[in-house]
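# Overview (structure and organization)
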Amino acid sequence: MKQVSKELVVHTHGRELLEITTHINEWLRQNSLQEGILNIFIKHTSASLTIQENADPDVLVDLLFYFEQLVEDAHPEFRHRAEGPDDMSAHIRSALTDVSLTIPVMNGALNLGTWQGVYVFEHRTSPHSRRIVMSFIGT
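Residues numbered from 1 in each chain as written. Predicted model: local features only at pLDDT ≥ 70, side-chain atom pairs only at ≥ 80, totals over all residues. Heavy atoms only, no water.

## Description of the overall build of the protein
Worth spelling out the cut-off: Secondary structure elements follow DSSP: runs of H or I of four or more residues count as helices, runs of E of two or more count as strands, with numbering from the N terminus. Summary of the burial criterion: residues with accessible area below 20% of their type's maximum are buried, those above 50% are exposed, and those between are partly exposed, where the area comes from a 1.4 Å probe applied to protein chains only. Contacts were defined at the residue level, with two residues in contact if any of their heavy atoms lie within 4.5 Å.
Secondary structure summary: the protein contains three helices and eight strands in total. If you list the helices and strands of the protein from N to C, you get β-β-α-β-β-α-α-β-β-β-β. Dimensions of the protein along its principal axes, counting C-alpha atoms only, are 50 × 30 × 20 Å. By residue count, 40% of the 139 residues in the protein fall in the buried class. Put simply, 82% of the contacts in the protein that link residues at least 6 apart link residues at least 24 apart.

If you want it as structure tokens, here you go:
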């Protein structure tokens, strides 16, 4: 049984969904991790993780649009604005999504569906460096 962890740093370009599936699978291959469970955790409160379709880029555009309609930046009733007008809305978006994912690993790669990819969902409007902890247990 192996237990392996690594912190991955991802640089976002502002509000976006940034696919990290390739980075994760590369790390699994480099460490000869074949069968088990991978937990990934983002160490932030204004970004999140999600599994989404990675075939049609319109899905990502529509998700960004929907969240912008759902949670308005600089809402007049938001009190928390310490880091700008998108601060509180980013926290709410993060609370509505996931900060960790658990994904099976089979044959040395994430066992995702045909059109699935793992994404960092950046909720802030400016670029950030996001830290993601990957923890694997298996063989």
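## Brief notes about the pairing of strand E7 (residues 116–122)
Put simply, the rule is: Each pair of strands is called paired provided DSSP finds at least two bridges between the two strands.
Most of E7 sits out of view: six of its seven residues are buried. In this sheet, E7 lies alongside strand E4 (residues 47–53) in antiparallel orientation, the contact comprising seven bridges. Along E7, the bridge assignment pairs Ser48 with Phe121.

## Thoughts on unusual backbone geometry
Not every positive phi belongs to a glycine, and Ala74 is a case in point at roughly 55°. Turning to its location among the elements, Ala74 is positioned in the loop between helix H2 (57–70) and helix H3 (87–96). If you check the backbone angles, Asn107 has positive phi at about 55° while not being a glycine. With respect to the helices and strands, Asn107 occurs in the loop between strand E5 (100–106) and strand E6 (109–110).

## A few points about the side chain of Thr97
Residue placement: Thr97 occurs in the loop between H3 and E5. When near neighbours in sequence (up to four residues on either side) are disregarded, Thr97 contacts Ser48, Phe67, Phe121 and His123.

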